[in-house]
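# Structural overview
Listed below, chain by chain, are the residues.
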Amino acid sequence: MRLCGGGTHNSQHSLRVSKVYRVTSAALGCEMLAEGGEKMPRLGMAASEEEPEAPTEQQDITRGLENLPVSWWPPEVEPAPFQYTPDHVTGPGADIDPTEITFPGCICLKTPCRPDTCSCLCQENYDDNSCLRNIGSEGKYAQPVFECNAMCQCSDRCKNRVVQRGLQFHLQVFKTDKKGWGLRTLEFIPRGRFVCEYAGEVLGFPEVQRRIQLQTVHDSNYIIAIREHVYNGQVMETFVDPTYTGNIGRYLNHSCEPNLLMIPVRIDSMVPKLALFAAKDILPEEELSYDYSGRFLNLMDSEDGEKLDKGKPRKPCYCGAKSCTASLPYDSSLYCPL
């Protein structure tokens, strides 16, 4: 696939997402910990025996910063506070400001945005129901998406504006039996629909290493690394950490058979939004999860696999899937000495 759109991303590049990693303590491998040190294994239906509570005006983790409120359950136990942001923010060492508009816009003023006329499109990203078209096992690699941006002359109703519209489904943060906090949907989500972003501080690699080295086994850690392989062998890396500043994506747990797929989506900036789409139809009260390793619907290079699998002792995986690998993913490259 070529990076298409105007200006700097109109060159002939083959781009694929090779992996998605999340890590914790160097000694214990890859697992998210809840605030307070509770381990968060992965996937599973609602753990609480009580019925989930619908969002209320008083109960909203997003503090009104999303289209829809996001409640938590049980209501008497509120998750530890953090600085909420629906979008990426610039963190230490970041090369690019994710809030800066760097892409030129299309000129589709009188006609719909189509691949043959719109500078933002190489192919149709979404169907008429706002479902991602390229999702499934037919492709070898997850392909990036470019949406129309703030400089485009097309209308706000353009079919190529999906992730930028924000939350469209009621979600809920909830306490699981064994995994600390998780995230679930309160309504049916069709396959291919955008669910939420994974947003936080965009970091430089030295800052990623510094933060990881400072962690103890009891510290929460949500750092994620996206590596996109360009046709000439170059690798574009994006590091995001929502530990201190982030969105509801920080509550997503791992599963070996996830119901979400992460796709890099670029809108205004070359820094991708880490968008999570439904990989299958998702039922109400079902926990939302994705594969931290990035293997789900996305083949991996042997070199990538070596970085992920070798090194420190691995933490057990509790996702409960039939194909569970028994241990959580681990990216040894993030634990290199400073």
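Criteria and thresholds
Within each chain, residues carry numbers counting from 1 in the order of the written sequence. pLDDT decides what is reported in this predicted model: residues at 70 or higher carry local features, side-chain atom pairs at 80 or more are listed and counted, and totals for whole chains, interfaces and linings draw on all residues regardless. Excluding hydrogens and water, the side-chain values take into account all heavy atoms of the structure. Only when DSSP finds a minimum of two bridges between them are two strands counted as paired. Labels follow the DSSP assignment, with helices taken as runs of H or I lasting at least four residues and strands as runs of E lasting at least two, numbered in each case from the N terminus. An axis is simply a line fitted to the C-alpha atoms; with a helix, the fit covers only the stretch in contact. Between two such axes, the angle follows the N-to-C directions and lies from 0 to 180 degrees. Working definition: rings of Phe, Tyr and Trp (its six-membered ring) pair if their centres are within 6.5 Å, and the pair is stacked with planes under 30 degrees apart, edge-to-face with planes over 60 apart, and tilted otherwise. Relative accessibility thresholds used throughout: buried, under 20% of the residue-type maximum; exposed, over 50%; partly exposed, between the two (1.4 Å probe, protein chains only). Under the rule applied, a polar contact is a pair of N or O atoms within 3.5 Å (in protein, one hydrogen donor and one hydrogen acceptor; residues adjacent in sequence only if both atoms are side-chain atoms). When checking whether two residues touch, look at their non-hydrogen atoms; a contact exists if any pair is within 4.5 Å. Whether a set of points on the 1 Å grid over the protein atoms alone is a cavity depends on a 1.4 Å probe fitting there but being unable to get out, while an open set qualifies as a pocket with protein on both sides within 12 Å along at least five of seven lines; lining residues are those with an atom within 4 Å of a point. Grid points are joined across faces, edges and corners, and a volume is the space filled by probe spheres set on the points. Following the grouping adopted for this structure description, the nonpolar residues are Ala, Val, Leu, Ile, Met, Phe, Trp, Tyr, Cys and Pro, the charged ones are Asp, Glu, Lys and Arg, and the polar ones are all others, Gly among them. As a per-residue quantity, pLDDT reports the predictor's confidence and falls between 0 and 100.

## Focus on the sheet that holds strand β4 (residues 71–73)
In spatial order, the strands read β4-β8-β9; together these 3 strands make up an open sheet with mixed pairing. Because the sheet does not close on itself, it has two edges, and the strands there are β4 and β9 (181–185). Strand-to-strand, the axes of this sheet are offset by a mean angle of 30 degrees, without reference to chain direction. In the sheet, β4 pairs with strand β8 (residues 171–175) via 3 bridges, with the strands oriented parallel. Among the inter-strand pairings, Trp 72 is bridged to a residue of β8, identified as Val 173.

## Brief notes about the packing of aromatic side chains
The final tally for this structure, using the stated rule, is 7 aromatic pairs. Relative to Phe 146, the ring of Phe 103 has its centre 5.9 Å away and its plane inclined at 55 degrees; by these criteria the two rings are tilted. Taken as a pair, Phe 103 in the loop between β6 (89–90) and β7 (145–146) and Phe 146 in strand β7 lie far apart in primary sequence, 43 residues in all. Considered together, Phe 103 and Phe 146 belong to a single accessibility category, that of buried residues. With a centroid separation of 5.4 Å and 35 degrees between ring planes, the pair formed by Phe 205 and Phe 239 is classed as tilted. With a gap of 34 residues between them, Phe 205 in helix α1 (residues 205–213) and Phe 239 in strand β13 (residues 235–246) connect regions that are remote in the sequence.

## Comments concerning the side chain of Arg 250
Along the chain, Arg 250 falls in the loop between β13 and β14 (253–254). Within the local environment of Arg 250, its side chain forms a polar contact with the backbone oxygen of Pro 242, the two atoms lying 3.1 Å apart. Side-chain polar atoms of Arg 250 contact the backbone oxygen of Thr 243, separated by 2.9 Å.

## Focus on the side chain of Glu 201
Among the secondary structure elements, Glu 201 is positioned in strand β11 (residues 200–203). A distance of 3.0 Å separates polar atoms of two side chains, one belonging to Glu 201 and the other to Arg 211. Setting aside chain neighbours within four positions, we find Glu 201 in contact with Val 89, Gly 91, Pro 92, Arg 211, Phe 239, Val 240, Asp 241, Tyr 244 and Thr 245.

## Description of the layout of surface pockets
Quantified by volume, the largest pocket comes out at close to 440 Å³. Considering the residues around the largest pocket, the lining is formed by 24 residues, among which Asp 87, Gln 164, Glu 197, Ile 267 and Lys 273 are closest to the centre. Here the lining of the largest pocket gets 3 residues from one element, more than from any other, and that element is strand β10 (residues 194–197). Among the residues forming the lining of the largest pocket, the class breakdown is 11 nonpolar, 7 polar and 6 charged. Here the second largest pocket is characterised by a volume of approximately 350 Å³. In this structure, the second largest pocket is lined by 17 residues; those nearest its centre are Asp 95, Ile 96, Glu 237, Thr 238 and Val 271. Taken together, the elements giving at least two residues each to the lining of the second largest pocket come down to β11 and β13. Here the residues of the lining of the second largest pocket are counted per class, giving 10 nonpolar, 3 polar and 4 charged.

## A look at the confidence of the model for the chain
Predicted confidence across the chain gives a mean pLDDT of 80, with 73% of residues reaching 70 or more. Contacts of residues 1–49 to residues separated by more than four positions or lying in other chains number 226 contacts, the stretch itself having pLDDT below 50. With pLDDT under 50 throughout, residues 302–311 is counted as low confidence; its partners more than four residues away or in other chains account for 23 contacts.

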